Amino acid sequence: FGSAAIFLYLGDKMCYNKVRKNIFTDYLMANIKKYSLKSAFSLVEMIVVISIIMIVTGIFLANYTGSNRRSELQNAANDLVKDIRQAQNNYLNGASYGLLYPDGGWGFHAEENINTYYIFADQNNNRIYDFGEAEESLGGRQVKLPANIVINAIYPDGLVDAIFSGASSTVNILGETATSTSAVISLTDVDAGISAFVRFNFLGLVESYDFYCGYST
């Protein structure tokens, strides 16, 4: 009887331990699955958040870069306006080129599809820019635009020589084939595909703007 009781006791204890082990195992597996699902959901959330951050950052950087490009282009246009006015002021103030005052006054020269323009002294009074008339050591200027900006177009004739001379300080605007009363210079950022414009007329009025609203002589 004693042995039978011990056997029954041990059998009950083993069954109890097995049941308890099964309950613990089931509980542990349930928590592992729950944790795995929660971790997977957190990973999806993280991917979504990172994607949103990347999109917002991309939009910000694009707008920032575009704004910088437009500012650089507008600054180049404003500098062009100042330089044209410098040629006018050189004439009005009687500025010399080296030791001599230029017979034809002072002028501005530009051509399409290059990124350099000139403030020159019309030494021989022929109303156009000649080589050697814009030496900086003598008082002229050779202005190079930023690397990504070019003189894309000049209306109406593709080339312009604006000469400030005469008692009334009028501007003689010469194109490649004809004389005009006004001209428009288009500056273009070739990388960004944006343009700014400078317009001046025979009265010496000069202005810059960032859209082309028409041209007439």
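This structure is a prediction, so every number in the text was calculated from the model and none was measured.

Quick notes on the rules
- Residues numbered from 1 in each chain as written.
- Predicted model: local features only at pLDDT ≥ 70, side-chain atom pairs only at ≥ 80, totals over all residues.
- Heavy atoms only, no water.
- Helix = DSSP H or I, 4+ residues; strand = E, 2+ residues; numbered from the N terminus.
- Buried < 20%, exposed > 50% of the residue type's maximum accessible area, 1.4 Å probe, protein only.
- Contact = heavy atoms within 4.5 Å.
- Areas by Shrake-Rupley, 256 points an atom, 1.4 Å probe, with all protein chains shown as cover.
- Polar contact = N/O pair within 3.5 Å; in protein donor to acceptor, adjacent residues only side chain to side chain.
- Phe/Tyr/Trp six-rings, centres within 6.5 Å; stacked < 30°, edge-to-face > 60°.
- Pairing = 2+ DSSP bridges.
- Axes fitted to C-alpha atoms, helices over the stretch in contact; angles between N-to-C directions.
- Core = buried A, V, L, I, M, F, W, Y, C linked by side-chain atoms within 4.5 Å.

Caption draft 1: How the structure looks around the overall build of the chain. Broken down by element type, the chain carries 1 helix and 10 strands. Along the chain direction, N to C, the helices and strands of the chain fall in the order α-β-β-β-β-β-β-β-β-β-β. Expressed as a percentage of its 217 residues, the buried residues of the chain come to 32%. In the chain, once contacts between residues fewer than 6 apart in sequence are set aside, the share between residues at least 24 apart is 59%. By element, 62% of the accessible surface of the chain is carried by carbon and sulfur atoms, the whole surface being about 13,500 Å².

Caption draft 2: Looking closely at the side chain of Asp-189. Mapped onto the elements of the fold, Asp-189 is located in strand 8 (residues 182-189). With a relative accessible area of 0%, Asp-189 lands in the buried category. At 2.7 Å, the side chain of Asp-189 forms a polar contact with the side chain of Asn-148. Excluding anything up to four places from it in sequence, Asp-189 contacts Arg-69, Leu-73, Asn-148, Ile-149 and Ile-194.

Caption draft 3: Layout of the packing of aromatic side chains. Under the defined criterion, the tally for this structure stands at 6 aromatic pairs. Judged by centre distance (6.1 Å) and plane angle (90°), the ring pair of Phe-108 and Phe-200 falls under edge-to-face. Placement of the pair is Phe-108 in strand 1 (residues 106-111) and Phe-200 in strand 9 (residues 194-201), with a sequence separation of 92 residues. Residues Phe-108 and Phe-200 agree in their burial class; the two are buried. Considering the side-chain rings of Phe-197 and Tyr-209, the 5.7 Å spacing of their centres and the 25° angle between planes classify their relative orientation as stacked. Residue Phe-197 is located in strand 9, and its partner Tyr-209 is located in strand 10 (residues 206-209); the two are separated by 12 residues in the primary sequence. You can call Phe-197 buried: its relative accessible area is 8%. One aromatic cluster is present, formed by Phe-108, Tyr-117 and Phe-200 through successive ring pairs.

Caption draft 4: Examining the pairing of strand 10 more closely. Taken together, the 4 bridges between strand 9 and strand 10 define a ladder with antiparallel strand orientation. Residue pairing across strands places Phe-197 opposite Tyr-209, the latter belonging to strand 10. Counting the residues that bridge the hairpin from strand 9 to strand 10 gives 4 residues, and of these Gly-204 lies at a positive phi of roughly 90°.

Caption draft 5: Region of the structure containing the sheet that holds strand 10. Pairing is antiparallel across the open sheet formed by 4 strands, whose spatial order is 4-8-9-10. The open sheet is flanked by strand 4 (149-155) and strand 10, the only strands paired with a single partner. Taken pair by pair, the neighbouring strands of this sheet meet at an average axis angle of 20°, ignoring direction. Taken together, the 6 bridges between strand 4 and strand 8 define a ladder with antiparallel strand orientation. The partner of Ala-153 across the bridge, within strand 8, is Ser-186.

Caption draft 6: Spatial organisation of unusual backbone geometry. Here the amide bond leading from Tyr-155 into Pro-156 is cis, since omega sits at 10°, within 30 degrees of zero. For Pro-156, the position within the fold is in the loop between strand 4 and strand 5 (159-165). Positive phi, close to 65°, is recorded for Asn-113, a residue that is not glycine. Tracing the chain through its elements places Asn-113 in the loop between strand 1 and strand 2 (116-121).

Caption draft 7: Highlighting the nonpolar core. Residues Phe-108, Val-160, Ile-185, Leu-187 and Phe-200 are the most contacted members of the largest nonpolar core, which totals 33 residues. Listed by contribution, the elements that provide at least two residues to this core are helix 1 (2-92), strand 1, strand 2, strand 4, strand 5, strand 6 (170-174), strand 8 and strand 9. If one sorts the elements of this core by residue count, helix 1 sits on top with 8 residues. Discounting residues that sit within four places of it in the chain, Val-160 has contacts with Phe-108, His-109, Ala-110, Ile-154, Ile-173, Leu-174, Ala-183, Ile-185 and Phe-200. Core analysis: the second largest hydrophobic core is formed by 5 residues, Tyr-118, Phe-120, Tyr-129 and Ile-163 among them.

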